[in-house]
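Per-entry structural report
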Protein chains: 2
Amino acid sequence: MSELNRKSPERLQDRVDQVMQLLEQHGLADALVRGDLIDNVLQQQDQTELQRRLDELHPADVAHILESLPLAERLAVWQLVKYDRDGEILLEVSDAVREILIADMDNQEIIAAANMLDADELADLAPDLPQDVVRELMDMLDAQQRERLRSALSYDEDEVGALMDFDMVTIRDDVTLEVVSRYLRRFDMLPDHTDKLFVVDNDGRLQGVLPIKKLLVSSPDALVAEVMAADPVIFDPQAHASEAAQAFERYDLVTAPVVDATGVLCGRLTVDEVLDYIRQESETEALNSAGLREEEDIFASVWKSVRNRWAWLAINLCTALIASRVIGLFEGAIEQLVALAALMPIVAGIGGNSGNQTITMIVRGIATGQVQVAHGQRLLRKEAGVAVINGVFWGLVLAVIAFVLYDNVALSAVLMAAMLLNMLLAALMGVVIPLARLRAGSDPALGSSVLITAITDSGGFFIFLGLATLFLL
Amino acid sequence: MSELNRKSPERLQDRVDQVMQLLEQHGLADALVRGDLIDNVLQQQDQTELQRRLDELHPADVAHILESLPLAERLAVWQLVKYDRDGEILLEVSDAVREILIADMDNQEIIAAANMLDADELADLAPDLPQDVVRELMDMLDAQQRERLRSALSYDEDEVGALMDFDMVTIRDDVTLEVVSRYLRRFDMLPDHTDKLFVVDNDGRLQGVLPIKKLLVSSPDALVAEVMAADPVIFDPQAHASEAAQAFERYDLVTAPVVDATGVLCGRLTVDEVLDYIRQESETEALNSAGLREEEDIFASVWKSVRNRWAWLAINLCTALIASRVIGLFEGAIEQLVALAALMPIVAGIGGNSGNQTITMIVRGIATGQVQVAHGQRLLRKEAGVAVINGVFWGLVLAVIAFVLYDNVALSAVLMAAMLLNMLLAALMGVVIPLARLRAGSDPALGSSVLITAITDSGGFFIFLGLATLFLL
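Calculation criteria
Residues numbered from 1 in each chain as written. Chains lettered and ligands numbered in written order. Predicted model: local features only at pLDDT ≥ 70, side-chain atom pairs only at ≥ 80, totals over all residues. Heavy atoms only, no water. Helix = DSSP H or I, 4+ residues; strand = E, 2+ residues; numbered from the N terminus. Buried < 20%, exposed > 50% of the residue type's maximum accessible area, 1.4 Å probe, protein only. Contact = heavy atoms within 4.5 Å. Pairing = 2+ DSSP bridges. Buried area = accessible area lost by both parts, 1.4 Å probe. Salt bridge = Lys/Arg side-chain N within 4 Å of Asp/Glu carboxyl O. Polar contact = N/O pair within 3.5 Å; in protein donor to acceptor, adjacent residues only side chain to side chain. Nonpolar A, V, L, I, M, F, W, Y, C, P; charged D, E, K, R; others polar. Patch = residues over 30% accessible without salt bridge, like charges linked within 9 Å, V, L, I, M, F, W, Y side chains within 5 Å. Areas by Shrake-Rupley, 256 points an atom, 1.4 Å probe, with all protein chains shown as cover. Phe/Tyr/Trp six-rings, centres within 6.5 Å; stacked < 30°, edge-to-face > 60°. Least-squares fit on C-alpha atoms with pLDDT ≥ 70 in both. Core = buried A, V, L, I, M, F, W, Y, C linked by side-chain atoms within 4.5 Å. Right-handed = clockwise from strand over helix to strand, strands pointing away. pLDDT = per-residue confidence, 0-100. Axes fitted to C-alpha atoms, helices over the stretch in contact; angles between N-to-C directions. Parallel < 35°, antiparallel > 145°, perpendicular 65-115°, else oblique. Left-handed = near helix turned anticlockwise from the far one by under 90°. Lys, Arg positive; Asp, Glu negative; His and termini not counted. Charge placed at Lys NZ, Arg CZ, Asp CG, Glu CD.

Comments concerning the environment of A63 of chain A
All names here are of chain A. For A63, the position within the fold is in helix α4 (residues 59-68). On the basis of relative accessibility, which here comes to 2%, the residue A63 falls in the buried class. The contact partners of A63, leaving out residues within four places of it in the chain, are I89, E92 and V93.

Concerning the side chain of R74 of chain A
Looking at the element boundaries, R74 of chain A is found in helix α5 (residues 71-80). Assessed through its relative accessible area of 0%, R74 of chain A is described here as buried.

Observations concerning the sheet that holds strand β2 (residues 196-200) of chain A
All names here are of chain A. The strand order β1-β2-β3 describes an open sheet built from three strands, whose pairing is mixed. Two strands lie at the open edges of the sheet, namely β1 (170-171) and β3 (206-211), each paired on one side alone. Judged from the five bridges that link them, β2 and β3 form a sheet pairing that is antiparallel. From the neighbouring strand, K196 faces β3, where its bridge partner is P211.

Here's the deal with the interface of chain A and chain B
Taken together, the contact pairs 136 residues of chain A with 135 residues of chain B. When chain A packs against chain B, close to 12,000 Å² is buried across both sides, 63% of that on carbon and sulfur atoms. Of all residues in chain A, the largest losses of buried area upon contact with chain B belong to L216, R250 and I298 of chain A, amounting jointly to 6% of the total for that side. Between the two partners, chain A and chain B, sit ten salt bridges. Linking chain A with chain B are 28 residue pairs in polar contact (both at pLDDT 80 or more), by the criterion used here. Broken down by element, the residue count for the side of chain A that touches chain B peaks at 18 residues, all from helix α20 (residues 339-367) of chain A. Partitioned by chemical class, the residues of the side of chain A that touches chain B number 71 nonpolar, 35 polar and 30 charged.

Remarks on a nonpolar patch on the surface
Residue and element names in this part refer to chain A. A surface patch of nonpolar side chains, about 210 Å² in accessible area, is lined by V388, V392 and L396. Note on placement: L396 falls in helix α21 (residues 376-406). Overall, L396 belongs to the partly exposed group, its relative accessible area being 45%.

Details of the packing of aromatic side chains
The geometry of two aromatic rings is summed up by the distance between their centres and the angle between their planes. The final tally for this structure, using the stated rule, is ten aromatic pairs over all chains. Summarising the aromatic geometry, the rings of Y183 of chain A and F187 of chain A are spaced 5.4 Å apart at their centres and angled 85° between planes, so their arrangement reads as edge-to-face. With relative accessibility at 29%, the residue Y183 of chain A sits in the partly exposed group. On the numbers, 5.8 Å between centres and 70° between planes, the contact of F330 of chain B with F462 of chain B is edge-to-face.

Re the relation of the copies chain A and chain B
In the superposition of chain A on chain B (RMSD 0.1 Å, axial shift 0.0 Å), the rotation amounts to 180°. Accordingly, the operation relating the two chain copies is best matched by a two-fold axis. Take the interface residues of chain A: 99% of them recur as interface residues in chain B, which is what a same-surface contact looks like.

Looking at the nonpolar core
Core analysis: the largest hydrophobic core is formed by 153 residues, its most contacted members being F235 and L269 of chain A together with F235 and L269 of chain B. Not counting residues up to four positions away in its chain, the partners in contact with L269 of chain A are V160, L163, M164, F235, A244, F248, V254, T255, A256, V258 and V274 of chain A. Formed by 80 residues, the second largest nonpolar core is a distinct cluster that contains V414 of chain A together with V347, A402 and I463 of chain B.

Points about the pattern of salt bridges
When charged atoms on two side chains of opposite charge get close, those side chains can pair. Residue and element names in this part refer to chain B. Enumeration over the complete set of coordinates arrives at 36 salt bridges over all chains. R268 is paired through a salt bridge with D165; the nearest N and O atoms lie 3.1 Å apart. Residue R268 is found in strand β5 (residues 265-270), and its partner D165 is found in the loop between α12 (160-163) and β1 (170-171); the two are separated by 103 residues along the sequence. Overall, the relative accessible area of 3% leaves R268 in the buried class. Given the relative accessible area of 7%, D165 is considered buried.

Let's talk about the pairing of β2 of chain A
All names here are of chain A. Burial runs high along β2: five of the five residues are buried. Burial along β2 is two-sided: K196, F198 and V200 and L197 and V199, pointing in opposite directions, are all buried. Here β1 runs beside β2; their pairing, made up of two bridges, is parallel. The partner of I171 across the bridge, within β2, is V199. Taken together, β1, helix α13 (residues 177-185) and β2 constitute a β-α-β crossover, and its handedness is right-handed. Counting the residues between successive antiparallel strands, the hairpin from β2 to β3 contains five residues, one of them, G204, with a positive phi of roughly 80°.

Focus: the confidence of the model for chain A
Taken residue by residue, chain A gives an average pLDDT of 89. The fraction at 70 or more is 95%. In the predicted assembly, ipTM is 0.85 and pTM is 0.86.

Considerations on the packing of helix α8 (residues 107-114) of chain A against helix α10 (residues 131-140) of chain A
Residue and element names in this part refer to chain A. Relative orientation of the contacting elements α8 and α10 amounts to 45°, with a least axis distance of 10 Å. In terms of orientation, α8 lies oblique with respect to α10. Note on packing geometry: the crossing formed by α8 with α10 is right-handed. Where α8 approaches α10, its residues N107, Q108, I110, I111 and A114 are matched on the opposing element by D132, V133, E136, L137 and M140. Split into classes, the residues belonging to the contact of α8 with α10 amount to six nonpolar, two polar and two charged.

Overview of the sheet that holds β1 of chain B
Within a sheet, each strand pairs with its neighbour through backbone hydrogen bonds, oriented either parallel or antiparallel. Spatially, β1-β2-β3 (chain B) is the arrangement adopted by the three strands of the open sheet, whose pairing is mixed. Because the sheet does not close on itself, it has two edges, and the strands there are β1 and β3 (206-211) of chain B.

Concerning a negative patch on the surface
A cluster of like negative charges, contributed by D95, D156, E157, D158, E281, E294 and E295 of chain A, occupies part of the molecular surface. If you trace the backbone, D95 of chain A turns up in helix α7 (residues 95-103).

Some points on the side chain of H375 of chain B
Within the secondary structure, H375 of chain B is located in the loop between α20 (339-367) and α21 (376-406). When sequence neighbours within four positions are dropped, the list of residues in contact with H375 of chain B reads S68 and F299 of chain A together with Q370 of chain B.

Side note on unusual backbone geometry
Phi is positive for D252 of chain A, close to 50°, though the residue is something other than glycine. With respect to the element layout, D252 of chain A can be found in the loop between α16 (241-251) and β4 (255-259).

Quick word on α16 of chain A
Residue and element names in this part refer to chain A. Counting buried positions over the eleven residues of α16 gives eight, a clear majority of the element. Looking at α16, one finds that the buried residues are A241, A244, A245, A247, F248, E249, R250 and Y251. D252 occupies a position one or two residues after α16 and carries a positive phi of about 50°.

Right, dumping it as structure tokens:
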């Protein structure tokens, strides 16, 4: 094998980079956008070269290039992609970019692209396609495919059924491994990720699974029933995808059967889908915690970005306004002792930071199942302990600094007390809020950071300014 | 197959829950801690029952139970786990819990547990083991295993070499598939996740891979060289693990060969390791963004938690102190117009929120390779556009509210101008900071949220109070 044949990820990335360079160096993207390639022989050559290179790339790499290009260039390159690859590329791009690409295709193009896809892949695309196209596609499918598409579409985005595919290789349990091997040899290709065969009875009910590993090492004369694993990990199509993700991680699965309530095998879950799901979830979590509603197309229009961001800004403004009104209650105190205005953000800020630490811990503990409502007291004691240590220590540090600045012992004492109390408030709320939500059956994670920050901001201002009013004025 | 035989994740979780209940209901954990089980026949029965159930659980499930138990109960249950499973369970628990479990074992126990593990697994444990135990283990290994352990230990935690295992099944390219099949049948078991065999020459250099899928569907008379894929995706042991993670996701890999600079096959990367890595990375990211240094044992001592959290609190206090000093500069202005004190946190807060939105977008774009330094101007224009729209809109809303509260047109105008300017500052810094760091070769993500918040806090106070001083007083 020549060195050049090997595909290390760097080399694969190199190829992607080369395409990007080709686009930039020759002003190709520009020319494509202007549509004046036909007149220019040199650029025509470039275009052919570009097309050839695009054809060599993995669909996921083409998707990456499309995501990395500004709007006009993106659509120009999209035109160059061979139509029979459109479908698989559409599956790989982010939702925001997919929307743009589909908007650029006419119905015939969409149908041609969709025709290359399996029912489960179609189901992934369907929500982004025009209604009439979906209807037309439905009509073109054979009965089994239509049934599968309908079934896949019937599940929520977060259900196992929405992630499963239908590429199961099924066998009976009363044949020998020799027969199974001969049966497999009749395939041109086995489905991706086939690490086990599904053993079903005449009614399609799952009897067990035959790991390929076992097929390979066992005697050809053995019966499937003797060799198969009769107790595979199975999933319900209506189970939450996060449950499947956890099971794939814990039990190191590559594929797993999806079985309905009657025991009938209805699909297959593969690790690549689960991996995508996990990545997407952590992506969403990270975006939400930064106040973004969803993944943004880097090159989206200003208006699209505004829409993606306004909700969190609005919530943030509301909480800021409440905090502002709390300060407003104490304007008299601030007028008398203006140092309060300079010190109050410290009390609020440190409370927010410490509250976020606590609530993040608890929310994650709940997500992994390590924290239950019954643990409340114990956790409360612990977090209160942490808050007291941190409050006293950092409170002292700040009190000393404040004394150096303002030469006022009473003010320093109030600052320290306020820091300690606000951190205790943060610890209390950081434990109580997620556990109360858990008990109430709602999602402990949703907006937890915004909520705790709102409480520690307003609470911090109130505690600090309130103590100051009581003891300093 | 009986219904009971099937292992849906809920049923698996049920078993875990049953063990937890057994521990709680009978006060078993308490009794275990007190060590008075011997005297009590009833509890003795419970203990046997508990041990039996623990033995039936997957190591990952036992690890989960250990993580979910308070310290004393955790150690009591740990004593009940059969010693030959200690090793695999230690591999599954979180770092914080592993430390505690190992501290509870004497050297002989550790060595017995470690003896059950492969070289790559040992390498994962080694950093947490006492030095003398590691030396002793080294001496007990055969030459090949010792070499592998040494090699695995030589890589950074974030390198492909640290994630790889050595469970490769290798074959030559000049034999028929029939011969390969017969060779495989000599194994009792193939390594987990074996979806391809590695084709090497006499010097161990990788020639290609033979996907099991192809082995199954191809003619037994075909030669390996004819059927194998000569251009597999390969990894360098020194490549960054995140690169491997990206490639596994993009190309839907299950296993991939790790090949050194001379072309020699030195290990294998599997999707379960990659999945763990991805999960861990996103975990770390989420924890860091909440100001936690690392994953915390929910039941860790107060002191451990304080240690895990103090660094971010300290940084936070410094930035809060700077913001406080900025306010201090304008104490005269606040004394004259105390409404400023109530309104200034709004300007700072909204700037922080909007800056975090921008910087998160850019940092993620850089991480996926979609954003390059060359995009700076375009992104700046776009983010500035978003900031102007948001600034004008929310600024107006706030100006109206402020007018209702304070009946002061000039104050409202200053508030609106300050919000707009601070959001522009946030957009500018949100784009410039990560791109400057990218150009300088440092990590654009590290502490980005803290940095942008510090800037928009201090900047927001400065802009608002500065404008107020210029125009209102």
